[in-house]
Amino acid sequence: MVEATASGAAGPVGSYRPGYEVTAERILQLIAESGLRPGDRMPTEKELAERLDASRSVVREAVKILSAIGRVRAHKGRGLYVADDDGMLGSSRWGGFFLPTDLDHVYMLFEFRHIQETAASRLAATHATPAELRAIETAVDTCRQGHLTGQAALFDRGDDDFHLAVALASHNQFLVASVRESRRLQRQSSTIGLHGTVGGHAAEAVEEHAAIYRAIRDGRPEEAARAAAVHLDNTLEDYRREIQRRVFG
């Protein structure tokens, strides 16, 4: 097993992973292997440092990341707990086994998103109301503005708004809940494994969003589904490129 250090971690030749990133992943593995459920108390930072053979400072940074993405909750004076999550589809169960830096898990997540979002786009092309179409179009414009002005936070907000708006236009609440949860897990992967970077796909993503919107607006279900599939395939390829860049330089 790879050991985390204060500066980084060992791995394939030429690779580098910060110690807090490796430790965050290993804490998630520890939670899963120990059968801890939402609300269960976790080992202290000191105990985690001893069990993972990592420094207290590295464990502290790892816990901050896991707290920020909603996997761990720190209660002052009481310790660390597995975060509660009472999502519509029992999303805490998904989070219980999803490892954001495991490439197999990331690929499975994209495979799941492919199924969800092609279905949501197909249904949206049939069911979207004028108000829902406006919401999708506004999200496309927000994403485009974020890209053109170099505002990553604005781009991300538009991206989230777009995918959720399409799901809402499907008029299927199970799709809405699962799309929301899948994107939450993807953000975890980006935060821990890619440090929030979006790679070089932003410009294409804006146009892909626009293509999905036009197909939904024009009431073309199969075209909407195909456009959604292209978008997700290209987004996954962007993840692959970014991971290869980080690992191999």
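Residues numbered from 1 in each chain as written. Predicted model: local features only at pLDDT ≥ 70, side-chain atom pairs only at ≥ 80, totals over all residues. Heavy atoms only, no water.

K.L.:
What is the right way to look at the pattern of salt bridges in this model?
P.N.:
Any two side chains of opposite charge can pair if their charged atoms end up close together. The tally for this structure, following the rule as stated, stands at 14 salt bridges. Linking Glu207 and Arg144 is a salt bridge whose minimum nitrogen-to-oxygen distance equals 3.7 Å. Taken as a pair, Glu207 in helix H9 (residues 202–217) and Arg144 in helix H6 (residues 130–148) lie far apart in primary sequence, 63 residues in all. The class for Glu207 is partly exposed, based on a relative accessible area of 46%. When the shortest N-O distance is used, the salt bridge between Arg220 and Glu223 registers 2.5 Å. Note on Glu223: relative accessible area 31%, which makes it partly exposed. Salt bridges here are not isolated pairs; linked through shared partners, they connect Asp159, Asp160, Arg183 and Arg187. (Salt bridge = Lys/Arg side-chain N within 4 Å of Asp/Glu carboxyl O. Helix = DSSP H or I, 4+ residues; strand = E, 2+ residues; numbered from the N terminus. Buried < 20%, exposed > 50% of the residue type's maximum accessible area, 1.4 Å probe, protein only.)

K.L.:
Is there a simple way to think about the side chain of Thr23 in this case?
P.N.:
Mapped onto the elements, Thr23 comes out in helix H1 (residues 19–33). Of note is the side chain of Thr23, whose polar atom sits 2.8 Å from the backbone oxygen of Gly19. (Polar contact = N/O pair within 3.5 Å; in protein donor to acceptor, adjacent residues only side chain to side chain.)

K.L.:
Even after reading the chapter, I still don't get the confidence of the model for the protein, so can you show me in this structure?
P.N.:
Confidence in the prediction of the protein, expressed as mean pLDDT, is 82, and 81% of residues score 70 or more. Under a pLDDT of 50 for its full length, residues 1–7 has, in the predicted model, 24 contacts with residues more than four places off or in other chains. In the predicted structure, residues 9–15 sits below a pLDDT of 50 and forms eight contacts with residues beyond four places in sequence or in another chain. (pLDDT = per-residue confidence, 0-100. Contact = heavy atoms within 4.5 Å.)

K.L.:
Just to check I follow, could you spell out the environment of Tyr107 for this structure?
P.N.:
Topologically, Tyr107 is positioned in helix H5 (residues 103–127). By relative accessible area, which is 28% here, Tyr107 ends up partly exposed. Along the sequence, Tyr107 and Leu236 sit 129 residues apart, while their C-alpha atoms lie 7.7 Å from each other. Not counting chain neighbours up to four residues away, the residues in contact with Tyr107 comprise Leu236 and Arg240.

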